[in-house]
Amino acid sequence: MANDFRTPSAIANEAIMQLENELVLGNKVHTDYSKEFTYVGNSVDIRKPTQYLGQDDNLDITGYREDIEQATHSVTMDKTVTIPIKIGALERTLDFDRWNEDVIQPAVIKMRDRIESALAAEYAKLYHFTGTPGTLPGTFKALGAGGSIMTDGGVPNAGRFAIHGTDAALELADGLKGVYVQSKAKSAFEEAMIGRYAKFDNYESVHAPTHVVGNYGGTPLVQGASQNVTYAASKDAGTQTLVTDGWPNSRTGLLKAGDVFTIAGVEAVNPVSKQSTGRLQTFVVRSDANSNGSGVSTLTIAPAIIVDGAYQTVTAAPADNAAITVVSGAANSSHKQSMLLHPKALTLVTRPLDIPNGQGLKTATKSGNRVTISVSEFVDGNTLDKTCRLDMLFGTDAIDPRLGLRLTN
């Protein structure tokens, strides 16, 4: 007879170990904010980095002051995953000796998929964008172009990594096959990590997101000049509205959250020097948009159009009737998105669930380096069935979208 020696504590420890070994995105993003949720509700406000203009070639600061404009970003922990497993008395007595195979491993796979999918969905908040829709990135130059945009955007080199879908990973691996990668080139292709290439640690993931482009058309233009905002007005949300026209009349699903476009004459700037990067700024649509009967659509976009000051994002406000070009792909097309990230672009937060022991319920909660899992068990006195349930509470967010980039496939 097989002995049922698995306690909730033992199951939780094993599940934590396996889950943290399975995570790809979850193992790379920022997780330090979990501790902030210990004594508060389901959301915390995270301070955004402060920027300053400074002054050059003048040591005298008489009359010169820069106010601190502190912005915050609210991170919410609102996602759960629960896996209940019922095991009958006869199974436990006669033949149930497959705890790892039948209980822990399937639960870990489900939890991994839930976390990785939630993190990947944050792609739609990233506004840095490159690549050719419909073309797989497979060269140093394709990947390096994303790195150049990130460098011009002030993203630190240290810790950069990239998540690619299976097809893009294969294309990159083929391009890497003759390259010596950290003395582990051969074995790297057999694991999630493809190798270090173009200043990125590259990983393959089935959870790389797919973006579906909106049903746009027409000849879209900016409707009205001077649609720029101040940092003070946009600092917490990091977004603004932009009134546009020239779209088809009364079009539903005109643009989808995550669609990316450029505006003629509006170039990106380096956040430190404020000099133009020589590239048009790419803007992301943050919520689905429709057009009215006159072809007008008010878009919610990021980054905010800020034309001066310490938080300047672009060289100039768009002119009236400036042309808008959607670059995320042809209307209604679908494209995998590789995610090029600094670790602090996204965050994963978890918190122990408050589950009391007693009244027939035995429970244990364990925290690893990345996640927290609760395991509880109880027996139905009528059927003698034992239920073992695994629970996790977590949240994901793009806490600093400027630190990430989408490389379209």
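The structure displayed is predicted, hence computed values, not measured ones.

Q: Requested: an account of the overall build of the protein chain, with residues and values cited.
A: Scanning the protein chain for helices and strands turns up eight helices and 22 strands. Across the 409 residues that make up the protein chain, the buried fraction comes to 48%. A separation of at least 24 residues holds for 77% of the contacts in the protein chain among residues at least 6 apart in sequence. Of the roughly 19,100 Å² that the protein chain leaves accessible, carbon and sulfur atoms contribute 49%.

Q: Which residues make up the pairing of strand β1 (residues 43-47), and what values go with them?
A: Burial along β1 is one-sided: the face carrying V44 and I46 is buried and the face carrying S43, D45 and R47 is not. Judged from the five bridges that link them, β1 and strand β2 (residues 72-76) form a sheet pairing that is antiparallel. Looking at the pairing, S43 lines up with T76 of β2.

Q: Can you tell me about the sheet that holds strand β10 (residues 240-245), naming the residues and giving the values?
A: Remark on secondary structure: sheet strands pair via backbone hydrogen bonds, oriented parallel or antiparallel. Pairing in this open sheet of six strands is antiparallel, and the strands run β9-β10-β15-β14-β11-β16 from one edge to the other. Lying at the two open borders of the sheet, with one neighbouring strand each, are β9 (221-222) and β16 (324-326). Of the pairings in the sheet, the one linking strand β11 (residues 260-263) to β16 comprises three bridges and is antiparallel in character. Bridge pairing in β16 places T262 opposite T325.

Q: Can you lay out the pattern of salt bridges for me, pointing to particular residues and giving the numbers?
A: When the charged atoms of two side chains lie near each other, side chains of opposite charge can form a pair. Within this structure, the stated rule accounts for ten salt bridges. Here E377 ties to K386 by a salt bridge, and the two come within 3.6 Å at their closest N and O atoms. Overall, K386 belongs to the buried group, its relative accessible area being 7%. Put simply, D400 and R402 hold a salt bridge, and the shortest N to O gap is 3.0 Å. By relative accessible area, which is 11% here, D400 ends up buried.

Q: Any details on the nonpolar core? Residues and values, ideally.
A: With 54 residues, the main nonpolar core has L19, L25, I115, L346 and M392 as its most contacted residues. Those residues in contact with L19 that lie beyond four places of it in its chain are V108, M111, R112, I115, V371, I373 and M392. In terms of nonpolar packing, the next biggest core, distinct from the first, is built from 20 residues, V222, L242, V266 and A322 among them.

Q: Help me get a handle on the pairing of strand β7 (residues 200-204), residues and values and all.
A: Along a regular strand, successive side chains alternate from one face of the sheet to the other. By the criterion of burial, β7 is predominantly enclosed, with four of the five residues buried. With four bridges joining them, strand β5 (residues 161-164) and β7 adopt parallel strand pairing. What sits directly across from A162, in β7, is N202.

Q: I'd like to hear about the side chain of S291, residue by residue, with values.
A: Positionally, S291 belongs in the loop between β14 (283-285) and β15 (297-302). A polar contact of 3.4 Å, which involves the side chain of S291, links it to the backbone nitrogen of S250. In this structure the side chain of S291 is engaged in a polar contact, spanning 2.8 Å, whose partner is the backbone nitrogen of R251. Ignoring anything within four residues of it in the chain, the contact list for S291 reads W247, P248, N249, S250, R251, L254, V296 and S297.

Q: An account of the layout of surface pockets is needed here, citing residue identities and associated values.
A: Roughly 800 Å³ of internal volume is contained in the largest pocket. Lining the largest pocket are 39 residues; nearest its centre among them are Y127, P303, T313, D400 and R402. Those elements giving two or more residues to the lining of the largest pocket turn out to be β4 (128-130), α5 (140-152), α8 (231-234), β12 (267-269), β13 (276-280) and β21 (386-398). Per element, the largest residue contribution to the lining of the largest pocket is three residues, and it comes from β13.

Q: Tell me about unusual backbone geometry, and name the residues and values.
A: Cis peptide bonds are those with omega within 30 degrees of zero, and the linkage from A302 to P303 qualifies with 0°. Note on placement: P303 falls in the loop between β15 and β16. With a phi close to 50°, S250 is a non-glycine residue in the positive phi region.

Q: Give me the lowdown on the packing of aromatic side chains, citing residues and values where you can.
A: Inspection of the entire model under this criterion finds two aromatic pairs. Both rings, one in F261 and one in F283, keep their centres 5.7 Å apart while their planes meet at 25°; by these two values the pair is stacked. Note that F261 is positioned in strand β11 and F283 in strand β14, a separation of 22 residues in sequence. For the pair F261 and F283, a shared accessibility class is recorded, and that class is buried.

Q: Can you explain helix α1 (residues 8-22)? Please cite residues and give values.
A: With 15 residues, α1 should reach 21 Å at 1.5 Å per residue; the first-to-last C-alpha distance of 21 Å fits that figure. For α1, the complete set of buried residues consists of P8, I11, A12, A15, I16, Q18, L19 and E20.

Q: Kindly report on the environment of V29, identifying the contributing residues and their values.
A: Here V29 shows up in the loop between α2 (25-28) and β1. On the basis of relative accessibility, which here comes to 3%, the residue V29 falls in the buried class. Dropping the residues within four chain positions of it, V29 is found in contact with L119, F161, P343, L346, T347, L348 and R370.

Q: Describe the environment of D201, and please don't skip the residues or the numbers.
A: Among the secondary structure elements, D201 is positioned in strand β7. A relative accessible area of 16% places D201 in the buried class. For the pair D201 and A162, spaced 39 residues apart in the sequence, the C-alpha separation amounts to 6.1 Å.

Q: Would you mind going over the side chain of D391 in detail, with residue names and values included?
A: Position of D391 relative to the elements: it lies in strand β21. Of note is the side chain of D391, whose polar atom sits 2.6 Å from the side chain of T82. Within the local environment of D391, its side chain forms a polar contact with the side chain of R389, the two groups lying 2.7 Å apart. Beyond its immediate sequence surroundings of up to four residues, D391 is in contact with V81, T82, M111, L353, T372, I373 and S374.

Rules used throughout
Residues numbered from 1 in each chain as written. Predicted model: local features only at pLDDT ≥ 70, side-chain atom pairs only at ≥ 80, totals over all residues. Heavy atoms only, no water. Helix = DSSP H or I, 4+ residues; strand = E, 2+ residues; numbered from the N terminus. Buried < 20%, exposed > 50% of the residue type's maximum accessible area, 1.4 Å probe, protein only. Contact = heavy atoms within 4.5 Å. Areas by Shrake-Rupley, 256 points an atom, 1.4 Å probe, with all protein chains shown as cover. Pairing = 2+ DSSP bridges. Salt bridge = Lys/Arg side-chain N within 4 Å of Asp/Glu carboxyl O. Core = buried A, V, L, I, M, F, W, Y, C linked by side-chain atoms within 4.5 Å. Polar contact = N/O pair within 3.5 Å; in protein donor to acceptor, adjacent residues only side chain to side chain. 1 Å grid on protein atoms, 1.4 Å probe; cavity = no way out; pocket = protein on both sides within 12 Å on 5 of 7 lines; lining within 4 Å. Points joined across faces, edges and corners; volume = space filled by probe spheres on them. Phe/Tyr/Trp six-rings, centres within 6.5 Å; stacked < 30°, edge-to-face > 60°. Expected span 1.5 Å × (residues − 1).

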